[in-house]
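Structural features, examined
The lines below spell out each chain.
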Amino acid sequence: MNPVRRTLLKSIVTVGMLASAISVSLVKPAAALVASWNKNAFSAKTIADAMKEAGYSGAAESSDILLKVPDIAEDGAIVPLEVTSNIPGTTSIAIFAEKNPNPLVADIQFSNGAQPYISMHIKMAETSFVRVAVKAGDKIYSQSKEVKVTLGGCGG
Amino acid sequence: MSMSRREFLQILAAAAAAGLALDSHGAQLAANSSNFYELPPFGNVSLLHITDCHAQLLPIYFREPDVNIGLGQSLNKAPHLVGEHLLKAFGIRPGTPDAYAFTCLDFAQAARTYGKVGGFAQMATLVKKIRASRPGSLLLDGGDSWQGSATALWTKGQDMVDACKLLGVDVMTGHWEFTLGADRVKQIVDNDFKGKIDFLAQNIKTVDFGDPVFQHYVIKPINGVPVAIIGQAFPYTPIANPRYMMPDWSFGIQEDSMQQAVNEARAKGAAVVVLLSHNGMDVDLKMASRVSGIDAIMGGHTHDGVPAPTIVKNSGGQTLVTNAGSNGKFLGVLDLDVKNGKVTDFKYKLLPVFANLIEPDVEMAALIEKVRAPYEGKLSEKLAITEGTLYRRGNFNGTFDQLILDALMEVKGADAAFSPGFRWGTSLLPGEAITMEHLMDQTAITYPQTMLTEMSGETIKAILEDVLDNLFNPDPYKQQGGDMVRVGAISYTCDLRQGFGKRINNMMLKGKPIDPGKKYKVAGWAPVTEGATGEPIWDVVASYLRDKKVITPRKLNLPKLLGVTGNDGIG
């Protein structure tokens, strides 16, 4: 535990500096992507359609994508997720929650050799597979893992 | 200590009085009972283990389950063996004290013969005796120690904190402890335990930055051998219990971080790595197959009294997986022979704590008396007499749970009722008075509110399917280790060959099929969401018991099970 770091970061948020902290990172913030917002992909109702519209069809399973999600979500509204792509030349990573009404959760571009690593929270409607797809050159790779979303209670 | 001749004669007299014909083997065991706790030392590293005592300071009765179903890779393997199947698998003769300790067979009669089990004063004597022959040994507590009794609830765990310190616990992890609230746990760990007991959990991190909340492991020398103990708290605490009680902490299985802790401990010179786990045995078995470098997992949570370890092969060699029962009924003793920095051999014994065979420790007995004194009047109130055996354990129902359901439905005027599938709670023999203390043994939690809710038939089915999957999901990492929610008045079939959402059929209430669109009044307790205000469950059941005075043997509402032919998890 590092209480100093926590306090410091909290104070940064308080004084509204977080936005500028993001803007200097190598991941393009959402605002910068508005121009290329892929409406068809984000509003697709099935994972197959979403993957196709976002340009990730025909993905090959790859163990070079490390996907870290909980086996059972502590809260379906904020499921922590970490992805690392060890595939050379990774230019984008997309996250899909198979059974969400709109399965495409995020599509993140990496430019200028940025390390293809993502840590984020996603919202999940129910137990389903989380699939991540990676674009490297003209090849598409993917990896998936099931996350259980449960009502809770009744334990032990 | 050790059983005196006088006590031995008392046991035989009790056996005769109960009309129990001890077979020759049983008689021989009883005759040898002065040596019952003579455990010859072995090796050079010894670890003593208690787990899931659920705050039972005094000796109690505890009936083991007659239904503990394993499916798929768990089929007919420990811990999913009950009754005669368990006796056969571990070579225990029927009618013996061990058969009484490890199974539910002839429970009421055996309980009258061999008496109560557990008790911290008895445990203290036993721990001292075993430690005397094993210098340098450590005592590990797997958690669920600060919850499960009236006094633990009313003292916010203080009675158990003091008792565990006096018992000489060296290392601990937790689960129900967290339902006292994160602040209370921190207060105990940072003050009462400071410099005395290491509270470990490698799988609890802060929600915001993933920082560790507790120490992940400790390395302690035992007879010159560096031994690492890693702690693993119950991974699904914020799901199975109210998340608002530990809102800033995230749990989970965290296999990667476990492997990292093992590697780190080895790199620092640990010759032995032991995991003190509250995963539950099925999760431990899976973890042992995937994480390398752990010599032994001393496990709890699922309350399985498993007489011998399961040996799991993995890429680093092998891992012993044990589970040490519940309610203070057992003391696990693991002796390791460590040569040239490696475990070369082991012996394991799960000792049942027969209260009549052990002289209570004077100092512990005095502490127990002191902590109970202010509450004795309340605890000893006789609410009713039970005509049948009352117990909780079993995958689908227990007679005490049925009693709670019956009380909930009558007092609340409900069509049906739900009661959580907890695995703690003591047992009562036919003819015993049900005291307030007994009732609290079944209900003492920090979120005891009762509710009466209008639920559609569809919602009822969704809840039942959800809880069933926590029990029978084919992947142990997706199981939570409790039992099925107990259901009052609604009958159903349960097909264990099916997957999520398809196991439950033929739901009926009073001879009529449950209508998915119709609303039903369902009573329940132990809400995990914040803000409930209903009357505590113990008040509801106490008023029912006072009113009935005599509790007739309960008829269990059990589902019809499909897909369990040849399953040794059914007695």
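Residues numbered from 1 in each chain as written. Chains lettered and ligands numbered in written order. Predicted model: local features only at pLDDT ≥ 70, side-chain atom pairs only at ≥ 80, totals over all residues. Heavy atoms only, no water.

**Section: the environment of D106 of chain B**
- For D106 of chain B, the position within the fold is in the loop between α4 (97-102) and α5 (107-114).
- C-alpha of D106 of chain B to C-alpha of V67 of chain B: the two residues are 39 residues apart in sequence and 15 Å apart in space. (Helix = DSSP H or I, 4+ residues; strand = E, 2+ residues; numbered from the N terminus.)

**Thoughts on the packing of aromatic side chains**
All names here are of chain B.
- Applying the stated rule across the entire model yields 24 aromatic pairs over all chains.
- When the ring of F178 is compared with that of W249, the centres are 6.0 Å apart and the planes differ by 90°; the resulting orientation is edge-to-face. In this pair, F178 sits in the loop between β3 (171-172) and α9 (182-192) while W249 sits in strand β8 (residues 249-250), placing the two residues 71 residues apart along the sequence.
- Classification of F178 as buried rests on a relative accessible area of 0%.
- Judged by its relative accessible area of 7%, W249 is buried.
- The interplanar angle of 20° and the centroid separation of 6.2 Å between the aromatic rings of F396 and F472 together place this pair among those described as stacked. On the criterion of sequence distance, the pair formed by F396 in the loop between β15 (382-386) and α15 (399-412) and F472 in helix α17 (residues 457-472) is long-range, its members being 76 residues apart.
- Judged by its relative accessible area of 5%, F396 is buried.
- Across from the ring centre of W154, 4.4 Å away, lies the NZ or CZ of K378, which sits over that ring. (Phe/Tyr/Trp six-rings, centres within 6.5 Å; stacked < 30°, edge-to-face > 60°. Buried < 20%, exposed > 50% of the residue type's maximum accessible area, 1.4 Å probe, protein only. Lys NZ or Arg CZ within 6 Å of the ring centre and 35° of its normal.)

**So, the sheet that holds strand β19 (residues 483-488) of chain B**
Residue and element names in this part refer to chain B.
- Ordered by their spatial adjacency, four strands build an open sheet running β18-β23-β16-β19, and the pairing between neighbours is mixed. Each edge of the sheet is formed by a strand with only one pairing partner; in this case those strands are β18 (450-456) and β19. The average undirected angle you get between the axes of adjacent strands in this sheet is 30°.
- Pairing of strand β16 (residues 416-421) with β19 involves four bridges; the strand directions are antiparallel. The residue of β19 that forms the bridge with F418 is V487.
- Against the sheet, α15 engages β16, β18, β19 and β23 (519-525), with an angle of about 145° to β16.
- In the packing of α17 onto the sheet, contacts are made with β16, β18, β19 and β23, and the angle to β19 comes to roughly 150°. (Pairing = 2+ DSSP bridges. Axes fitted to C-alpha atoms, helices over the stretch in contact; angles between N-to-C directions. Contact = heavy atoms within 4.5 Å.)

**Looking at the state of the cysteines**
All names here are of chain B.
- Inspection of the entire model under this criterion finds zero disulfides over all chains.
- For C164, which is in no disulfide, the shortest distance to another cysteine sulfur is to C53 and amounts to 5.5 Å.
- For C164, a relative accessible area of 0% corresponds to the buried category. (Disulfide = S-S within 2.5 Å.)

**Let's talk about the pattern of salt bridges**
- Tallied over the entire structure, the rule returns 29 salt bridges over all chains.
- Here E61 of chain A makes a salt bridge to R131 of chain A, at a shortest N to O gap of 2.9 Å. Taken together, the residues E61 of chain A in strand β1 (residues 60-61) and R131 of chain A in strand β7 (residues 128-136) connect sequence positions 70 residues apart.
- By sharing partners, the salt bridges in this structure join E146 of chain A together with K286, D475 and K478 of chain B into a single network. (Salt bridge = Lys/Arg side-chain N within 4 Å of Asp/Glu carboxyl O.)

**Some details on the side chain of D295 of chain B**
- Relative to the assigned elements, D295 of chain B resides in the loop between α12 (281-290) and β10 (296-299).
- Beyond its immediate chain neighbours, meaning those up to four positions away, D295 of chain B contacts R266, A271, V272, V273, Q318, T319, L320 and V343 of chain B.

**Side note on the domain arrangement of chain B**
All names here are of chain B.
- Assigned domains of chain B: these are domain 1 (45-60 + 116-370) and domain 2 (380-562).
- Counting residues at the interface gives 33 residues for domain 1, matched by 23 residues for domain 2.
- Summed over both sides, the interface between domain 1 and domain 2 buries roughly 2,500 Å², with carbon and sulfur atoms accounting for 60% of that surface.
- Counting the surface domain 1 buries against domain 2, the share from its top three residues, L153, Y244 and K286, is 22%.
- Applying the counting criterion to the domain 1 and domain 2 interface returns eleven residue pairs in polar contact (both at pLDDT 80 or more).
- At the level of secondary structure, the elements contributing two or more residues to the side of domain 1 that touches domain 2 comprise α7 (150-154), α10 (237-240) and α12.
- Of the residues forming the side of domain 1 that touches domain 2, the biggest block, five residues, is contributed by α12.
- Among the residues making up the side of domain 1 that touches domain 2, the classes are represented as 16 nonpolar, eleven polar and six charged. (Domains from an automatic or database assignment. Buried area = accessible area lost by both parts, 1.4 Å probe. Polar contact = N/O pair within 3.5 Å; in protein donor to acceptor, adjacent residues only side chain to side chain. Nonpolar A, V, L, I, M, F, W, Y, C, P; charged D, E, K, R; others polar.)

**Quick look at the sheet that holds strand β25 (residues 560-562) of chain B**
Residues and elements named next belong to chain B.
- Within the open sheet, the four strands sit side by side as β22-β21-β20-β25. Their pairing is mixed. Both edges of this open sheet fall to β22 (512-513) and β25, since each of them pairs with a single strand only.
- One ladder, built from three bridges, connects strand β20 (residues 490-495) with β25; its direction is parallel. Among the inter-strand pairings, C494 is bridged to a residue of β25, identified as L561.

**Here we look at unusual backbone geometry**
- Note the cis peptide between A78 of chain B and P79 of chain B, where omega equals 5°.
- Examined against the element boundaries, P79 of chain B turns out to sit in the loop between β1 (45-50) and α3 (83-90).

**With respect to the nonpolar core**
All names here are of chain B.
- Ranked by internal contacts, the top residues of the largest apolar core, which has 161 residues, are F120, L167, F178, F214, I229, L331 and L545.
- If you count residues domain by domain, this core takes at least three from each of domain 1 (45-60 + 116-370) and domain 2 (380-562).
- Apart from the residues within four sequence positions on either side, F120 is in contact with C53, Q56, L57, M160, A163, C164, L167, M364 and I368.
- In this structure, A416, F418, M484 and I504 belong to the second largest nonpolar core, which totals 27 residues. (Core = buried A, V, L, I, M, F, W, Y, C linked by side-chain atoms within 4.5 Å.)

**Remarks on the interface of chain A and chain B**
- Taken together, the contact between chain A and chain B spans 22 residues of the former and 41 residues of the latter.
- For the pairing of chain A and chain B, the buried interface totals around 2,400 Å² over both sides, and the portion due to carbon and sulfur atoms is 52%.
- For R243 of chain B, the salt bridge is made with E74 of chain A, and the minimal N-O distance between the two is 3.3 Å.
- Across the contact surface, chain A and chain B share eight residue pairs in polar contact (both at pLDDT 80 or more).
- A per-element tally of the side of chain A that touches chain B places helix α1 (residues 3-14) of chain A first, with three residues.
- Within the side of chain A that touches chain B, the residues separate by chemical class into eight nonpolar, six polar and eight charged.

**As for α3 of chain B**
Residues and elements named next belong to chain B.
- What α3 keeps buried is the set G83, L86 and L87. On an axial view of α3, the arc spanned by its buried residues comes to 100°, and they lie on one face. The exposed residues of α3 that point more than 90 degrees off its buried face are E84 and K88.
- Looking at the buried residues of α3, the elements they touch are α4.
- G91 sits one or two positions beyond α3 and adopts a positive phi of about 65°. (Arc of directions from axis to C-beta.)

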